[in-house]
2 protein chains.
Amino acid sequence: MPSGLHFLVASRQCEIGELEQLAHTSAVVDVISQFTHALQRERGISNVFLASRGRQFAAQREAQVQQCAALELQVRACFDTLDTEATRLRNGARLFSRIAFVLHALDALPALRERIAGLTADASQGAVAARAPVPAPQEAVAAYSRLVAGLLAVVFEAADSATDPTVSRALVALFNFMQGKEFAGQERAHGAAAFALGGADAAQQQQWQHLIDSQERCFQVFMDFTQAPLLAAWQACQLPAQRTELERLRRIGYTARAQGLRDPSLSSTWYACCTLRIDAMRGVEERLAADLRAICEQKVTEERAALRDQQLLLAQLPAPSAGTPPHSATAYGPQLERSILGLVQEQAQRLQAMGDELDTVRAALTERKVVERAKGLLMATRKLSEEEAFKMLRKTAMNQNRKIAEVAESVLAMAEFL
Amino acid sequence: MPSGLHFLVASRQCEIGELEQLAHTSAVVDVISQFTHALQRERGISNVFLASRGRQFAAQREAQVQQCAALELQVRACFDTLDTEATRLRNGARLFSRIAFVLHALDALPALRERIAGLTADASQGAVAARAPVPAPQEAVAAYSRLVAGLLAVVFEAADSATDPTVSRALVALFNFMQGKEFAGQERAHGAAAFALGGADAAQQQQWQHLIDSQERCFQVFMDFTQAPLLAAWQACQLPAQRTELERLRRIGYTARAQGLRDPSLSSTWYACCTLRIDAMRGVEERLAADLRAICEQKVTEERAALRDQQLLLAQLPAPSAGTPPHSATAYGPQLERSILGLVQEQAQRLQAMGDELDTVRAALTERKVVERAKGLLMATRKLSEEEAFKMLRKTAMNQNRKIAEVAESVLAMAEFL
C-alpha cells in the first residue's frame, strides 16, 4: 500500500477511536442524568421535610435516599471505568477535575443526610451527645445544588470535548435540557419558600423572574439543537392545563404579598404542580440520553463500515510494477494516482466540514464559558467565593435587566480596571 | 485516599500525557521545518535550472536533491513514530489526513525530478524513448509549492491541537514564521520570473504586492506570539543594508517595464538577495523549533514535579478514622476537608485559566480556518479545484484591495446565495 493511504486509514481509525470514547462518555452522561434527577427529588423532599419540621415526607425522604445511594454506586462505577483509559481520554484533565469535585461533594453527602435525619431522631429517640445541628432548609438545598452543579459541569465537559458534530449537537441539547430542568427545580424550591412566607417580596420576585428566564433560555437552546421527534416529545409533555396552572401560581406568588393573601397551603399546591412538571421533563430527558447513546452507536457502526469499505478498496490496488522505487507514485499509473489523490482530498474535506459544523455547535457552549471566565476574574480580583461571584453577576444582571452572559461579557471587557 | 483526590491525580496525569504528546509532535514539526527549508531551496534551484535551460545550478540541484532525499527519510521515519500511538493522538484524524496528503505528494516527487533532470540528460545522453516531457518552470514550482503547503498544513494541525497555552503560543509563532518564509520563497520565484521578462506587468505587480503583504501579516503574528530573545534574533537578522537592497530591487521590478529597462542579470541579483534573506530566516526558524522543543520538555518536567509534590502531600493524609463509612468526608475532619476542596478547586481554576488563554492564542489560527472554509464552499458550489478557489479569493482580494481573510468572511456570509 502506498504510504499515504496507510495514513488515510489511520485517520479514519482515529475518528473511530474518538467516537468510541464519545459512546463511553455518553453512557456515563446517561447515568449522571438519572442520578441528577434522583438528587433533585431528594433535595425537594428534604426541603419540605426540613421546612415542615419533619411532619411531611419523612418516609419519602428515606426511600429517596435509598434510591440515590443505589444510583451513586452506579455513578462511581462509571467514573472508575473512565479512569482505566485515563491518558487516552480527550479533554481528560478537565473532565477528571470536574469528577474530583463531584466525588468530594458526594463524600460530604452522608454527613448532611445524618444531620437532616437528626430532625426526627431528636424527637423520637432523644438528643444524642455532640450530634451535629439540623441544617436550615436553605443550607441543605444549597449543598444539594452544589452537587448537582458539579454533575452538570461533568456533562458540560463531555459536550465540550465531542469531536463529532452530530454527537456534539445531541450533547449540547441534553446539557441544556438538564440545566433548564435544574433551573425548574430551583424555581420549585424558591417558590415553595416564597409561598410559605405569604408570597414573594421585590427581591424574591426578581430572583424568581431570573429563574424563569434562565429556564427558557436553556430550553430554547435545547430546541435549537435537538431532533424533530424529541422536540415533539417536549411539546407533548407541556400540557396546556398544567402550563396554565403553573402561570396562575406564579402570578399568585408574585402578587400575594401585595394583596395580603396568606394561604400556606399554596406552598404544597405549588410544590405538587412543579413536581408534576419536572417529572414530565425527566421523561424527555431519558429519551434524550437514550437518543445520544443510539447516535454514538450508529456513528461507530457507520464509521467502521466505511473503514472496511476503504480497506477493501485499497486491497484491490494492483501491486506496484517491478523496478520502480518503493515510494514512487508512477508505480500506480496516473489514473489510479488521481483516484488516490481524490480519496485523500475527500477525507480532508470531510474533516474540514465536520470541524466547521462543530465550531458552530460549540458556539452554543460559549455563553456558559464566558460566565465561568467572568466568575473566575471576580474571584481573583475581588477575593470572592465562586458562589459570591455568581451572585454578584446575577444581581447586576437583575438590576440592569440584562442577561447574565451579557454582564459577564462586560466584566471581561473591563478586566483591566478590576 | 478519598476518591475525589484519586481523580485530581488522574487530571494531572492527563495533562502530562497531553504535554508528552505535544513534545513528540514538536519533534516532528522540527524535522518538518528542516525538510521544508530544503525543499524551498530545491524549488528555487530547480526553477533557475529550468529557466536557464540547464545552464545554471546543475550541480547545486543534484546536491540539493540528495539533501532533500536524506531529510525525506527522516520525515517519513517521524511520521511512522506518530502512527504507533495512532488512537491516542489528539486531533489524530486531521493530522493523519494531512500527512496522507504529504506522503502522496512525496511519492510523486521522484517522477518530477526525473523529468527535470531530463533537461540535461536529453542534451548529454540523447533522447530516451517515451521519456516524460521536461516540465515548464512554473509547473515544477507549483508542484513543490503544493508539497510545502501540505507540510505547513501538518504544522498547522499540530498548532491547532495544542492544549497548553505556552506550547500553543510557540507553535503559532513557528507556524506563522514558516508560512511567512514560504511567502518570501514564493516572492523570490515570482520576482525572478518577472525580472527575466523585463519587470512586472500590472497583474504581476498586484500579485507581488499580495505576497509582500501576506509575508508581513505572518511575521506580525509571529512577533505577537514569540518570546523576547527570538524577537531580538528576528530583528538582528534583518540587516539594514539587505533590507534596503530588497526594497530597491522590488521598486525596480515594479517600474522596470514602464521605464523600458531590460536587464536580465537583475534576475540573478534578485535571486541572490532573496536567498540571503531566506537563509537568514532559516537561522531564526531553527531557534524557534529548538525553543518549542525546550518549552515542551520543561513543561513536562514541571508538571511531573507538581504531580510528585501532590502525591507526596496526599500520602501524608491521615488514614480515615475507623468506623466511618469509606466514602464519608467526615473521616478526615472539617479542616482537612477544606484544604482538600481547596486543591480540587485550584486544579479546576488552573485548567479554566489555561483554557481561556488557549482560546485567545487559537484565535490567531482562525484567519486561516476562515480562508479554508471559504475555499471549501467555493469548491463545492462552483465546482472549482482547491487552487482555482484560492486564486478566486486572492483575485477578489486584490481587486477590492482587501485582505484574503476579509473576502473569505464575505464569501461565508453570502453562503446562501452561492
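The following paragraphs examine the structure supplied in this document. None of the values given here were measured: they were computed from a predicted structure. (Residues numbered from 1 in each chain as written. Chains lettered and ligands numbered in written order. Predicted model: local features only at pLDDT ≥ 70, side-chain atom pairs only at ≥ 80, totals over all residues. Heavy atoms only, no water.)

Things to note about the relation of the copies chain A and chain B
Link 1 in the chain: Once turned by 180° and shifted 0.0 Å along the axis, chain A lies on chain B with an RMSD of 0.0 Å. Both copies of the chain, as the preceding transformation shows, are related through a two-fold rotation axis.
Link 2 in the chain: Interface residue correspondence from chain A to chain B reaches 100%, placing this contact among same-surface, isologous pairings. (Least-squares fit on C-alpha atoms with pLDDT ≥ 70 in both. Contact = heavy atoms within 4.5 Å.)

A closer look at the interface of chain A and chain B
Link 1 in the chain: Tallying the contact residues gives 56 residues for chain A and 57 residues for chain B.
Link 2 in the chain: Between chain A and chain B lies a buried interface of about 4,900 Å² when both sides are counted; carbon and sulfur atoms form 60% of it.
Link 3 in the chain: The largest share of the area that chain A buries against chain B comes from Phe7, His104 and Asp107 of chain A, three residues that together contribute 14% of it.
Link 4 in the chain: Between the two partners, chain A and chain B, sit four salt bridges.
Link 5 in the chain: Our enumeration of links across chain A and chain B arrives at eight residue pairs in polar contact (both at pLDDT 80 or more).
Link 6 in the chain: When residues of the side of chain A that touches chain B are traced back to their parent elements, those giving at least two are α1 (3–51), α2 (58–84), α3 (92–107), α11 (334–362) and α12 (366–382) of chain A.
Link 7 in the chain: Ranked by residue count, the leading element in the side of chain A that touches chain B is α11 of chain A, at 13 residues.
Link 8 in the chain: Split by residue class, the side of chain A that touches chain B holds 22 nonpolar, 18 polar and 16 charged. (Buried area = accessible area lost by both parts, 1.4 Å probe. Salt bridge = Lys/Arg side-chain N within 4 Å of Asp/Glu carboxyl O. Polar contact = N/O pair within 3.5 Å; in protein donor to acceptor, adjacent residues only side chain to side chain. Helix = DSSP H or I, 4+ residues; strand = E, 2+ residues; numbered from the N terminus. Nonpolar A, V, L, I, M, F, W, Y, C, P; charged D, E, K, R; others polar.)

A few points about helix α9 (residues 240–255) of chain B
Residues and elements named next belong to chain B.
Link 1 in the chain: Between its first and last C-alpha, α9 extends 23 Å over 16 residues, near the 22 Å set by a 1.5 Å rise per residue.
Link 2 in the chain: Taken together, the buried positions of α9 are Leu246, Leu249, Arg250, Ile252 and Gly253. Buried residues of α9, viewed axially, fall in a sector of 165°; they line one side. Looking at α9, the residues exposed on the side facing more than 90 degrees away from the buried face are Pro240, Ala241, Thr244 and Arg251.
Link 3 in the chain: Of the surrounding secondary structure, the elements contacted by the buried residues of α9 are α6 (165–196), α7 (202–225) and α10 (265–315). (Expected span 1.5 Å × (residues − 1). Buried < 20%, exposed > 50% of the residue type's maximum accessible area, 1.4 Å probe, protein only. Arc of directions from axis to C-beta.)

Some details on the packing of aromatic side chains
Residue and element names in this part refer to chain A.
Link 1 in the chain: Taken as a whole, this structure holds 26 aromatic pairs over all chains when the rule is applied.
Link 2 in the chain: The structure contains a cluster of three or more aromatic residues connected by ring pairs, namely Phe177, Phe219, Phe222 and Trp234.
Link 3 in the chain: Taking NZ or CZ as reference, Arg61 lies 5.3 Å from the ring centre of Phe49, over its face.
Link 4 in the chain: Against the face of Phe156 rests Arg368, its NZ or CZ located 4.7 Å from the ring centre. (Phe/Tyr/Trp six-rings, centres within 6.5 Å; stacked < 30°, edge-to-face > 60°. Lys NZ or Arg CZ within 6 Å of the ring centre and 35° of its normal.)

A word on the pattern of salt bridges
Residue and element names in this part refer to chain A.
Link 1 in the chain: Inspection of every chain in the model, using the stated rule, returns 57 salt bridges over all chains.
Link 2 in the chain: A salt bridge links Asp279 to Arg41; the shortest N-O distance between them is 3.2 Å. Residue Asp279 is located in helix α10 (residues 266–315), and its partner Arg41 is located in helix α1; the two are separated by 238 residues in the primary sequence.
Link 3 in the chain: Assessed through its relative accessible area of 32%, Asp279 is described here as partly exposed.
Link 4 in the chain: For Arg41, a relative accessible area of 28% translates into the label partly exposed.
Link 5 in the chain: The structure contains a network of salt bridges with shared partners spanning Arg12, Glu15, Glu303 and Arg350.

A word on helix α12 (residues 366–382) of chain B
All names here are of chain B.
Link 1 in the chain: The end-to-end C-alpha distance of α12, which contains 17 residues, comes to 24 Å, matching closely the 24 Å that a straight helix rising 1.5 Å per residue would cover.
Link 2 in the chain: What α12 keeps buried is the set Lys369, Val370, Val371, Glu372, Ala374, Lys375, Leu378 and Met379.
Link 3 in the chain: One or two steps after α12, the chain reaches Lys383, where phi turns positive at roughly 55°.

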